[in-house]
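As a plain string of letters, each chain reads:
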Amino acid sequence: GRATVPPVMRTGLVDVLGFIGGSKAGDAILKEHPAPHRLKAFLQLDAKNLGVVAPDADLDVAVGQCVVGSTSYNGQRCTAIKLILVHHSIADEFVRRLASAVAALPRGLPWEEGVLITPLPEPKKPAYLAELVG
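From a predicted model like this one, the values you see are computed outputs, not experimental measurements.

Visitor: Any chance you could explain the overall build of the protein chain here in plain terms?
Guide: If you tally the helices and strands in the protein chain, you get five helices and four strands. Element order for the protein chain, N to C, with α for helix and β for strand: α-β-α-β-β-α-β-α-α. Residue burial in the protein chain is summarised as follows: out of 134 residues, 24% are buried. Taken as a whole, the protein chain presents about 9,600 Å² of accessible surface, with 61% of it coming from carbon and sulfur.

This is the structure in structure tokens:
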């Protein structure tokens, strides 16, 4: 990616670009092209994939799916659930169960057996995530 895409873009031979990822990376890729105004680009940047929990949802299933959908690969995949919309009538119970389920996940380093939560790749990310919850 980082080693191959910039030289390819600099050739100017790319007419159409499809990219899924962060806006910083997308901007950097576009700037490499000699004629970015002529480049047709389809960008899915900083996706905020939703999980929606209706009032009649089976909370055990909903919590389980939201945990898997938001934490696999530490949530660092483009299809990870980033926002969960929960009907107000079940929100408190859902949050209680979700927090309990995430707290129960085994933590450690990526190469350790059975670990599901690993350190975040960016130093300021834990504080940012705490702000989103609080």
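Visitor: Where do I start with a nonpolar patch on the surface in this structure?
Guide: A cluster of nonpolar side chains, contributed by Leu50, Val52, Leu83 and Leu85, occupies part of the molecular surface with about 380 Å² of accessible area. Elements with a contribution of two residues or more to the nonpolar patch: strand E3 (49–53) and strand E4 (81–86). In this structure, Leu83 sits in strand E4. Residue Leu83 is classed as partly exposed on the basis of its relative accessible area, which comes to 40%.

Visitor: What should I look at first to understand the pattern of salt bridges in this one?
Guide: Side-chain pairs of opposite charge can arise where the charged atoms are in close proximity. Scanning the entire structure with this criterion turns up five salt bridges. Where Glu32 meets Arg10, a salt bridge forms, and the shortest distance between an N and an O atom there is 2.6 Å. Of this pair, Glu32 sits in helix H2 (residues 23–32) while Arg10 sits in helix H1 (residues 5–10); the two residues are 22 residues apart in sequence, bridging distant segments of the chain. Here Asp60 and Arg97 are joined by a salt bridge, their closest N and O atoms 3.0 Å apart. Taken together, the residues span a long stretch of sequence, with Asp60 in helix H3 (residues 59–71) and Arg97 in helix H4 (residues 91–103) at a distance of 37 residues.

Visitor: What am I meant to see in the packing of H3 against H4 here?
Guide: A packed helix pair is summarised by two numbers, namely the angle formed by the two axes and the spacing between the axes. Interhelical geometry of H3 versus H4 gives an angle of 50 degrees and a closest axis separation of 10 Å. Comparing the axis directions of H3 and H4 gives the class oblique. Between H3 and H4 lies a crossing of right-handed hand. Here H3 contributes Leu59, Asp60, Ala62, Val63, Cys66 and Val67 to the contact with H4, which in turn contributes Glu93, Phe94, Arg97, Leu98, Ala101 and Val102. Grouping the amino acids of the contact of H3 with H4 by side-chain chemistry returns nine nonpolar, no polar and three charged.

Visitor: How should the nonpolar core be read in this particular structure?
Guide: What tends to happen in soluble globular proteins is that the nonpolar side chains get buried as a cluster. Counting residues in hydrophobic clusters, the biggest one holds eleven residues: Val53, Leu59, Ala62, Val63, Cys66, Val67, Ile90, Phe94, Leu98, Leu105 and Ile117. Elements with a minimum of two residues in this core: H3 and H4. Examining the composition of this core, we find that five residues originate from one element, H3, more than from any other. The residues contacting Ile90, other than those within four sequence positions of it, are Val53, Ala54, Pro55 and Leu59. Counting seven residues, the second-largest nonpolar core is a separate cluster that includes Leu17, Ile29, Leu30 and Leu39.

Conventions used here
Residues numbered from 1 in each chain as written. Predicted model: local features only at pLDDT ≥ 70, side-chain atom pairs only at ≥ 80, totals over all residues. Heavy atoms only, no water. Helix = DSSP H or I, 4+ residues; strand = E, 2+ residues; numbered from the N terminus. Buried < 20%, exposed > 50% of the residue type's maximum accessible area, 1.4 Å probe, protein only. Areas by Shrake-Rupley, 256 points an atom, 1.4 Å probe, with all protein chains shown as cover. Patch = residues over 30% accessible without salt bridge, like charges linked within 9 Å, V, L, I, M, F, W, Y side chains within 5 Å. Salt bridge = Lys/Arg side-chain N within 4 Å of Asp/Glu carboxyl O. Axes fitted to C-alpha atoms, helices over the stretch in contact; angles between N-to-C directions. Parallel < 35°, antiparallel > 145°, perpendicular 65-115°, else oblique. Left-handed = near helix turned anticlockwise from the far one by under 90°. Contact = heavy atoms within 4.5 Å. Nonpolar A, V, L, I, M, F, W, Y, C, P; charged D, E, K, R; others polar. Core = buried A, V, L, I, M, F, W, Y, C linked by side-chain atoms within 4.5 Å.

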